[in-house]
Amino acid sequence: MPAAALAKGATGKGFKAELEPVYGADMDRWREDPFLFFEEVLGLPKYAELDGSLTSDQIRLVEAILEHKHVACTSGNGTGKSYILAAIVLWFLATNEHSMVITTSASWEHVEDVLWPEIRKMYYAARDHGIPLGGKLLDTRLTFDEKWFGFGLSTDSATRFQGKHAGRVLIVIDEATGVKAEIFEAANTMANGEHDIVIATANPTDPSCDFKELVEPSDGRASLWHRVVISAEDHPNVIYGKTIIPGAVTRTSIQEVVTQFGEDSPQYDARVRGIWSKKAGRLFPDWNEVRHVYDPKEVAIQPWWTHWIAGDWGFAHNSAFFFFAWDGTTIYVYDEIVINNVTAGPLGDMVGRRANPAFGMGAGQEFMSVELAHDAFGHMGETGQTRAEMFSEASMAHGLPAATRASTDRIGGFNLITTLLRADGLKVSKTCEHLKNKMPQALRDPKKPEDALKMEGDDEIDALYKGVMARPTPVEMPKEMRMAQRVTAIDPHDRAMQARIAESDERRAGAGGSFASMRRGWRGGN
């Protein structure tokens, strides 16, 4: 069948329906042997040092899903997990008529920006190789027909995994350390067929996560999951001491971990060896999503509450900025910006626009302060300004105050966060996905237990402690709201009397004090 004819499958019945009349025997071979599919359909590039297209560890992972229904893979960084998962997704979906594939992760950004770009790249490579897969490909969805499709899914609700499917089911859970137990339970319920498969992969950074309990039960019982461990030390780039597979781990990147943390460290265990370390525990064991995450549809952040912003500066690594509000009792984190590769000026503009979108129209939220990491004040840019000055110049155009140096008391900040969590005095909006994911992943430094373990991606935790260490000014309810609270009578005469008394009290308070005095005093920190 010529390529032009095959290409009609791009919007037609799908890969199998288009090719079965000609490739019937091959279709059976491809279904039974994914390695043949990778070679003959996807045309994965081959490497002389590997005698093929895949590393030995990637081959072990593929072999595991052929033998086991539940496969858990923990690995070091840069070992090619996303690459082989993309190949598995396309193999399973293309060779099993009326199958369904669900890919998910602890963060939607990972689904959208990591796994599905690999899937799209391989999909188009197959077309260039001469065997187009057909179907309709979108950013995070590949559809062959209404009963035959694969798609990306967020993990914010287990109900998203409910439903039945007539064909085979594959569920891929990436970044599994940040996924809750109920998501695994829902995935297992959906993938209940004899030939269905659930794959969960992760960089094992959090030894207290639900995924670890599933894979290594603390009570000694047998695990449902077959375990595959992939160490970066065994990658061909590291073994041969040269770049065989571009973009993968290298001896240099491993040495950077050794230099920064040491070979006998939790970071090395997680980021290189691909194992959960027994040396570290959670920094915030009191964190509980049920207690500490709020729905912004149910809690309205009031403009008269005290508002401020705190951020941790970054460029190659993330810049993390959180928007705080205090009602006199509880600190709310109601918005976040987590982004990298943005310079100080554009970052200040981004924060300012998010804080005060209506400022240019004569309206805007008043912010007590913008707390910025101290290193932004010491680095000079090309203009001769510090990054803090460039940030402030842009953010002040949106009505924000100039940035001030944030607290550098990490241990005091972490202790205050713990105090607030225990008293339910800290709430995070369910829309702050980055912070929600990082709170249970933050680990203690085994050499300094009162401090956080420095790890890649800890910018959110640093920004949070800087925010809670800011001293919020006392909250004062607007006069109109105070008056409305005191005038409660139904009878018009009584209402008039209450209003006169309230007005008199307001005048006396204005002369000698504030109604906010009852709320003054910060409940934590020094």
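Below is a summary of the structure that appears in this document.

Scoring rules and cut-offs
- Residues numbered from 1 in each chain as written.
- Predicted model: local features only at pLDDT ≥ 70, side-chain atom pairs only at ≥ 80, totals over all residues.
- Heavy atoms only, no water.
- Pairing = 2+ DSSP bridges.
- Helix = DSSP H or I, 4+ residues; strand = E, 2+ residues; numbered from the N terminus.
- Contact = heavy atoms within 4.5 Å.
- Axes fitted to C-alpha atoms, helices over the stretch in contact; angles between N-to-C directions.
- Core = buried A, V, L, I, M, F, W, Y, C linked by side-chain atoms within 4.5 Å.
- Buried < 20%, exposed > 50% of the residue type's maximum accessible area, 1.4 Å probe, protein only.
- Salt bridge = Lys/Arg side-chain N within 4 Å of Asp/Glu carboxyl O.
- Parallel < 35°, antiparallel > 145°, perpendicular 65-115°, else oblique.
- Nonpolar A, V, L, I, M, F, W, Y, C, P; charged D, E, K, R; others polar.
- 1 Å grid on protein atoms, 1.4 Å probe; cavity = no way out; pocket = protein on both sides within 12 Å on 5 of 7 lines; lining within 4 Å.
- Points joined across faces, edges and corners; volume = space filled by probe spheres on them.
- Expected span 1.5 Å × (residues − 1).
- Arc of directions from axis to C-beta.

**Considerations on the sheet that holds strand β9 (residues 293-294)**
And then number 1: Strands sit in the order β9-β15-β12-β11-β10-β13-β14 across an open sheet of seven strands; the sheet is mixed. Of all strands in the sheet, those bounded by a partner on one side alone are β9 and β14 (403-405).
And then number 2: Pairing of β9 with strand β15 (residues 426-429) involves two bridges; the strand directions are parallel. For Y294, the partnering residue across the bridge sits in β15 and is S429.
And then number 3: The strands touched by helix α14 (residues 387-395) within the sheet are β11 (319-326), β13 (370-372) and β14, with β13 carrying the most contacts at an inclination of about 155°.

**Some words on the nonpolar core**
And then number 1: Ranked by internal contacts, the top residues of the largest apolar core, which has 45 residues, are F37, F38, L42, I88, L133 and L170.
And then number 2: With eleven residues, the top contributor of residues to this core is helix α5 (residues 81-95).
And then number 3: Ignoring any residue separated from it by four or fewer positions in sequence, one finds I88 in contact with F38, V62, I65, L170 and I199.
And then number 4: Residues V333, V338, F414 and Y465 belong to the second largest nonpolar core, which totals 32 residues.

**Some remarks on the sheet that holds strand β8 (residues 226-230)**
And then number 1: The strand order across the open sheet built from eight strands is β3-β4-β5-β2-β6-β7-β1-β8, with neighbouring strands paired in mixed fashion. The open sheet has two edge strands with one neighbour each: β3 (136-138) and β8. If you compare each strand with its neighbour and ignore which way they point, the axes differ by 15° on average.
And then number 2: Most of the contacts of helix α4 (residues 56-67) go to β8, to which it runs at about 170°, and overall it touches β1 (70-75), β7 (197-202) and β8.

**Regarding the pattern of salt bridges**
And then number 1: Scanning the entire structure with this criterion turns up 17 salt bridges.
And then number 2: When the shortest N-O distance is used, the salt bridge between R410 and D462 registers 2.8 Å. Taken together, the residues R410 in helix α15 (residues 410-422) and D462 in helix α17 (residues 459-468) connect sequence positions 52 residues apart. Each member of the pair, R410 together with D462, is buried.

**Focus on the pairing of strand β2 (residues 100-105)**
And then number 1: The element β2 is largely enclosed, with a buried count of six among its six residues.
And then number 2: Every second residue of β2 is oriented toward a common face, with M100, I102 and T104 on one face and V101, T103 and S105 on the other, all of them buried.
And then number 3: As defined by bridge partners, β2 adjoins strand β5 (residues 148-153) across five bridges and the pair is classed as parallel. By the bridge assignment for β5, I102 is matched with F151.
And then number 4: As judged from the six bridges shared by β2 and strand β6 (residues 169-174), these two strands associate in the parallel manner. Across the sheet, residue T104 finds its bridge partner in β6, namely I173.

**Here's the deal with the pairing of β5**
In summary, the side chains of a regular strand alternate between the two faces of the sheet.
And then number 1: With six of its six residues buried, β5 lies for the most part within the structure.
And then number 2: Every second residue of β5 is oriented toward a common face, with W148, G150 and G152 on one face and F149, F151 and L153 on the other, all of them buried.
And then number 3: Pairing of strand β4 (residues 141-145) with β5 involves four bridges; the strand directions are antiparallel. Note that in β5 the partner of D145 across the bridge is W148.
And then number 4: In this structure, the hairpin formed by β4 and β5 is closed by a connection of two residues.

**Here's the deal with the packing of helix α3 (residues 34-42) against α4**
And then number 1: Viewed as axis vectors pointing N to C, α3 and α4 meet at an angle of 125°, and their least axial separation amounts to 10 Å. It follows that α3 is oblique to α4 by the angle criterion. Of the residues in α4, those touching α3 at P34, F35 and F38 are I59, V62, E63 and L66.
And then number 2: For the contact of α3 with α4, the class distribution of residues is six nonpolar, no polar and one charged.

**Notes on empty space enclosed by the protein**
And then number 1: A complete count under the given rule lists one cavity of 30 Å³ or more for this structure.
And then number 2: In this model, the largest cavity occupies a volume close to 40 Å³.
And then number 3: Lining the largest cavity are eleven residues, with T205, P266, A270, S277 and L443 sitting closest to its centre.
And then number 4: The class makeup of the residues in the lining of the largest cavity is eight nonpolar, three polar and no charged.

**A few points about helix α13 (residues 344-355)**
And then number 1: Over its twelve residues, α13 extends 16 Å from the first C-alpha to the last, a length consistent with the 16 Å expected when each residue adds 1.5 Å.
And then number 2: Residues A344, L347, G348, V351, G352 and A355 constitute the buried set of α13. Summarising the axial view, the buried residues of α13 lie within an arc of 135°, below the 170-degree limit, and thus occupy one face.
And then number 3: Elements that come into contact with the buried residues of α13 comprise β10 (306-312), β11, β12 (331-339) and α14.

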